[in-house]
Amino acid sequence: MNVRITTFDLAARLDAARALARTAMSAAGQPGGILIGQYFHEVTELDGLLALGAFHDDELVGMLLGWPTASRDWWPAQVRPDLAQTGNLHWLDDAFELAEIHVHPDHQGRGLGGRLLGAAEERIPQRRIVLGTNAIDNHRAKEFYRRRGFRTLTGPFRWLGLPLRVLVLGREIAR
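For clarity, every value in this text was computed on a predicted model and none was experimentally measured.

Conventions used here
Residue positions are given per chain, counting from 1 as you read along its sequence in written order. A pLDDT threshold of at least 70 governs which residues receive local features in this predicted model, and a stricter bar of 80 or more applies before side-chain atom pairs are shown or counted, although totals over entire chains, interfaces and linings include all residues. Side-chain metrics rest on all non-hydrogen atoms present in the structure, leaving aside hydrogens and water. Helix and strand assignments follow DSSP, with helices taken as H or I runs no shorter than four residues and strands as E runs no shorter than two, numbered in order from the N terminus. Our radius of gyration looks at C-alpha atoms and nothing else; its globule reference is 2.2 Å times the residue count to the power 0.38. For this analysis, residues touch if any pair of their heavy atoms sits within 4.5 Å. For each residue, the accessible area found with a 1.4 Å probe, counting protein chains only, is set against the maximum for its type, and the residue is called buried under 20%, exposed over 50%, and partly exposed in between. Directions pointing from the helix axis toward each C-beta atom define the arc. Any carboxyl oxygen of Asp or Glu within 4 Å of a side-chain nitrogen of Lys or Arg constitutes a salt bridge here.

Asker: Which residues make up the overall build of the protein, and what are the values?
Answerer: Secondary structure assignment for the protein yields four helices and eight strands. Reading the protein from its N terminus to its C terminus gives the helix and strand order β-α-β-β-α-β-α-β-α-β-β-β. A compact globule built from 175 residues should have a C-alpha radius of gyration of about 16 Å, and the protein, at 15 Å, falls within 12% of that. For the protein, the spread of C-alpha atoms along the principal axes amounts to about 45 × 35 × 30 Å.

Next comes the structure, spelled out in C-alpha cells:
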C-alpha cells in the first residue's frame, strides 16, 4: 500500500484530523479519546506548527502535530512542576512539543508512526522532542517510544486534576 508523508493544512482538514485522532485513541483504549482534537482549531496559525500527514490516496491515515515549546505555553505550564521535581526542567528548552501522533488502526504496524516521527525530525530545528502521554498501560505505545530513544522524564502524575495519569517523555535529536 502506497502511503505518502507530507505536510498538510490543519485548518483545511480539522474534521479529518479530529476523526483520525478519536478513532486511533478509542481503538487503543486510551482515555480521553472523545475529547481529543478539541483544541486543534487553536493551533492552526501557531508559529512553528508542524502538521504532517500520512495519506493513502487523499485519505488522512496518520498524522503528527507539534510545535516549538516556546510557541505555546499551555502544555509546558502544566508539566513544568513535575519536570522541575525530577530535575528535568531543562528539557523544555530548545524543544519541540510532540502534541499528537496517531495512525488509523487499519494502517498500524506498517511503520507509519516511525516514518512520521522521522519526517518531523528532519524538519524541526530544535534539539529535543518532548511529549505527554497517558499510554501508561499501553505497552505497544510505550514500546514505540522506547525503541525510538525516548526516556521517561517524570513519574505518572494526575493530569489537570482528572483521574488520568500522564508521563512526560523526551528524546535528544542527533544533529
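Asker: Can you break down the side chain of Arg 72 residue by residue, with the values?
Answerer: Mapping Arg 72 onto the fold places it in the loop between strand 3 (59-68) and helix 2 (74-85). Beyond its immediate chain neighbours, meaning those up to four positions away, Arg 72 contacts Tyr 39, Glu 42, Val 43, Leu 46, Trp 67 and Glu 97.

Asker: Which residues make up helix 4 (residues 139-147), and what values do they have?
Answerer: Burial in helix 4 covers these residues: Ala 141, Phe 144 and Tyr 145. Along the long axis of helix 4, the arc covered by the buried residues comes to 90°, so they all point the same way. Turned more than 90 degrees off the buried face of helix 4, the exposed positions are His 139, Arg 140, Arg 146 and Arg 147. In this structure, the buried side of helix 4 is in contact with strand 4 (95-103), helix 3 (112-123), strand 5 (128-133) and strand 8 (165-172). Within two residues after helix 4, Gly 149 carries a phi angle of roughly 85°, on the positive side.

Asker: Account for the pattern of salt bridges, naming residues and giving values.
Answerer: Think of it this way: side chains of opposite charge can pair up when their charged atoms draw near. Overall, the coordinates contain seven salt bridges when judged by the stated rule. The partner of Asp 58 in a salt bridge is Arg 13, with the nearest N and O atoms 2.8 Å apart. Of the two residues, Asp 58 is situated in the loop between strand 2 (50-56) and strand 3 and Arg 13 in the loop between strand 1 (4-7) and helix 1 (14-27); the sequence distance between them amounts to 45 residues. For Arg 13, a relative accessible area of 24% puts it in the partly exposed group. Close ionic contact of Arg 146 with Glu 143 constitutes a salt bridge, the shortest N to O distance being 2.4 Å. Taken together, the residues Arg 146 and Glu 143, both in helix 4 and three residues apart, mark about one turn of the helix. Overall, Glu 143 belongs to the partly exposed group, its relative accessible area being 28%.

It is worth stressing that arrangement in space is one thing and function is another; only the former is reported here.
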